[in-house]
Amino acid sequence: MASSILRRNLASVRGLSRSTQSLLLFPSPGLLADPLACLGLNLDFTCGVNYGRRLASSCTSAKLDLTDLTRPHSWYPNARRKKRKVYVHVGPTNSGKTYHALKQLESSASGVYCGPLRLLAWEVAKRLNKANILCDLITGQEREELDGAHHKAVTVEMADVMCEYQCAVIDEIQMIGCKTRGFSFTRALLGISADELHLCGDPAAVPLIEEILKVTGDIIKVQHYERLSPLTPLNVPLGSFSNIDRGDCIVTFSRQEIYKLKRKIESGGNHLCSVVYGSLPPETRTRQATMFNDESSEFDVLVASDAIGMGLNLNISRIIFSTLKKFDGVSIRDLTVPEIKQIAGRAGRYGSKFSSGEVTCIDPEDLPLLHSSLQSPSPVLERAGLFPTYDLLLLYSRLQSTTGFQSILENFLEQAKLSPHYFIADCEAMLKVAGVIDELPLTLQDKYLFCISPVDMDDDISAQGLIQFAETFAKKGIVRLKEIFTPGTLQVPKTQNALKELESVHKVLDLYVWLSFRMEESFPDRELASSQRAICSLLIEEFLERLGWQKPRPRKLSAHSLMKSIPASGFREHL
Ligand SMILES: Nc1ncnc2c1ncn2[C@@H]1O[C@H](COP(=O)(O)OP(=O)(O)OP(=O)(O)O)[C@@H](O)[C@H]1O
Ligand SMILES: [Mg+2]
């Protein structure tokens, strides 16, 4: 058969990852699997022009459609060789879903926890290691591997689909429907090769999971859970700010509003506020949460964005929504039912200081929406995210007349064929990166890597950081951090703008660390970047502690004293 000859030919081609070569030999038309498979492998993508021509003509004569993504389950031969027992733990927030899945993980000989956030991976690694179960921590920006460990806590993007486990946990599985990150959950769901797979999340994901797994031969068992402690929606709004009490968490969605509320509450003289929001470094978010949780700390109120919606274990007695609207990057919209339930569910965590929770709003007009949302089931998920693999894009690129990653990706996505249970991930952010690096003399693999890197292109400093890294890499093949950033020049921010700038500097250093794990020789200064990144978060915390509060407070480690500061950010002018 022409297609099997083609597969054999392709499998011997230099430049395809080992996993892809084996998949090409796997008898499936839905070939060229794993979206993230290439990332850990050292690939050589210098296939010549002749190869491109040969491949193009082979594909045409074999009528092999590279854009056919209708059988993603066949992309993962390791998982397909198993008849996995899939346990789906579903229920409301705070019902013990993750707790029960982790108990199974702990009692297994080997296993992996896949979470949606670095904070969750950290928490699980810490928990297992404390219980004397050696557990590696692997995220895009961290690799803490322990001799003899058979367990791993990872962010879902880092899940290894080539490894064999006795037990695997995928937490917050309803994120499979997330338009940007859903495809990584699909990949973990279809691809992890484990005897037992535990999925935790919202019941709204169950029909989709059952549908997707119909073709895998896995055995599925759904376990329903009830909330462990009561959550009461109040009939009255907060009223005056003098009603703010210990253990309250005020939720709002803009950074500016968070600091405004913090100042307002602290000016009352009775409370100090910890803050948690998305662009704070994750370690800062954890430390702010720890300070709020600590009964002996004076920071007894939390002001947060929806960044608290997942993961952090917080001693919250009452959630107070300052608004039920949020700007989602395009327009201002109402919060969805799942968002409201997820955030409200942080109050009254089982086993915390507050055994029952309450939820209310500042604006009385928001109460009806709050009440109805808490009583409504989340809308059933209909489709899971999907994204083509690098290898697939590489093969497809050989059939195109352009070398621009942006147009290759756009053309591919336009032609992609999917089954009704899937959607193609929103790759607007990737296309934005492609748009700025496409002209550089980089291989497709390098471009792909920069495009999937965790850069925030809406943040000017982060975007400039990425461009600087890509340009220097294209020119010299090696990016020394000191050429771009002067270590020892960071200082405690004095204004909101300086704070925002420092958050962005942290993101750029984080990006360097991320790149260093994938192109070790070209980004050799990982240690320096990590230490500067840690200093950034300490300085941010120093600022947060000083803000709105004049009384000096002893600290074990003063970030300020760590360095003598000169300019606001250590990055040279172009950053
Ligand atoms: N049987 C149990 N014994 C002791 N503690 C428990 C038990 N079940 C749950 N907990 C604790 O209750 C809290 C909530 O449990 P868990 O995190 O598993 O809830 P969840 O359903 O996963 O919530 P979410 O949807 O918010 O992630 C955790 O601190 C957990 O350790
Ligand atoms: Mg959970």
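- As annotated in an unreviewed UniProt entry, the chain is RNA helicase from Aristolochia fimbriata.
- Under the UniProt heading Subunit (unreviewed entry), the entry covering the chain gives this text: "Homodimer; in free form. Component of the mitochondrial degradosome (mtEXO) complex which is a heteropentamer containing 2 copies of SUPV3L1 and 3 copies of PNPT1."
- Taken from UniProt, the Catalytic activity (unreviewed entry) comment for the chain reads in full: "ATP + H2O = ADP + phosphate + H(+)".

Comments concerning the site of ligand 1
For step 1, the next point in the chain: Neighbouring ligand 1 are 14 residues; Lys97, Thr98, Tyr99, Arg346 and Arg349 lie closest to it.
For step 2, the next point in the chain: Within the backbone of asparagine 94, one N or O atom sits 2.9 Å away from an oxygen atom of ligand 1.
For step 3, the next point in the chain: Take glycine 96: an N or O atom from its main chain is 3.1 Å from an oxygen atom of ligand 1.
For step 4, the next point in the chain: When its residues are assigned to classes, the shell around ligand 1 shows four nonpolar, six polar and four charged.

Notes on unusual backbone geometry
For step 1, the next point in the chain: Residues other than glycine seldom take positive phi values, yet asparagine 132 does so here, at roughly 65°.
For step 2, the next point in the chain: Phi at glutamate 172 is positive, roughly 55°, even though this residue is not glycine.
For step 3, the next point in the chain: Within the secondary structure layout, glutamate 172 lies in the loop between strand E6 (164-170) and helix H7 (182-191).

Section: the packing of helix H17 (residues 460-476) against helix H19 (residues 496-518)
For step 1, the next point in the chain: Between H17 and H19, the least distance of the axes is 8 Å, while the angle of their chain directions is 30°. Between H17 and H19, the interaxial angle falls into the category roughly parallel. Every pair of crossing elements has a handedness; the one defined by H17 and H19 is right-handed. On the side of H17, the interface is formed by Ile461, Ser462, Gly465, Leu466 and Phe469, while H19 contributes Glu501, Ser504, Val505, Lys507, Val508, Leu511, Tyr512 and Leu515.
For step 2, the next point in the chain: Looking at the contact of H17 with H19, its residues break down into eight nonpolar, three polar and two charged.

Some words on the environment of valine 169
For step 1, the next point in the chain: Among the secondary structure elements, valine 169 is positioned in strand E6.
For step 2, the next point in the chain: Sequence-wise, valine 169 and aspartate 328 are 159 residues apart; in three dimensions their C-alpha atoms are separated by 30 Å.
For step 3, the next point in the chain: When neighbours within four sequence positions are excluded, valine 169 is seen to be in contact with Ala101, Leu105, Val112, Tyr113, Cys114, His198 and Cys200.

Some thoughts on the pairing of strand E5 (residues 151-155)
For step 1, the next point in the chain: Burial analysis of E5 places five of its five residues in the buried class, the great majority of the element.
For step 2, the next point in the chain: Of the two faces of E5, both are covered, the one formed by His151, Ala153 and Thr155 as well as the one formed by Lys152 and Val154.
For step 3, the next point in the chain: Two strands pair when backbone bridges link them, and strand E2 (residues 111-115) and E5 are joined in this way by five bridges, in the parallel orientation. The residue bridging tyrosine 113 from the neighbouring strand is alanine 153, located in E5.
For step 4, the next point in the chain: Direction of pairing for strand E3 (residues 135-139) relative to E5: parallel, over a ladder of four bridges. Within E5, the residue paired with isoleucine 138 across the bridge is valine 154.

Criteria and cut-off values
Residues numbered from 1 in each chain as written. Chains lettered and ligands numbered in written order. Predicted model: local features only at pLDDT ≥ 70, side-chain atom pairs only at ≥ 80, totals over all residues. Heavy atoms only, no water. UniProt positions renumbered as here; feature names shortened; annotations may be inferred. Near = heavy atom within 4 Å. Polar contact = N/O pair within 3.5 Å; in protein donor to acceptor, adjacent residues only side chain to side chain. Nonpolar A, V, L, I, M, F, W, Y, C, P; charged D, E, K, R; others polar. Helix = DSSP H or I, 4+ residues; strand = E, 2+ residues; numbered from the N terminus. Axes fitted to C-alpha atoms, helices over the stretch in contact; angles between N-to-C directions. Parallel < 35°, antiparallel > 145°, perpendicular 65-115°, else oblique. Left-handed = near helix turned anticlockwise from the far one by under 90°. Contact = heavy atoms within 4.5 Å. Buried < 20%, exposed > 50% of the residue type's maximum accessible area, 1.4 Å probe, protein only. Pairing = 2+ DSSP bridges.

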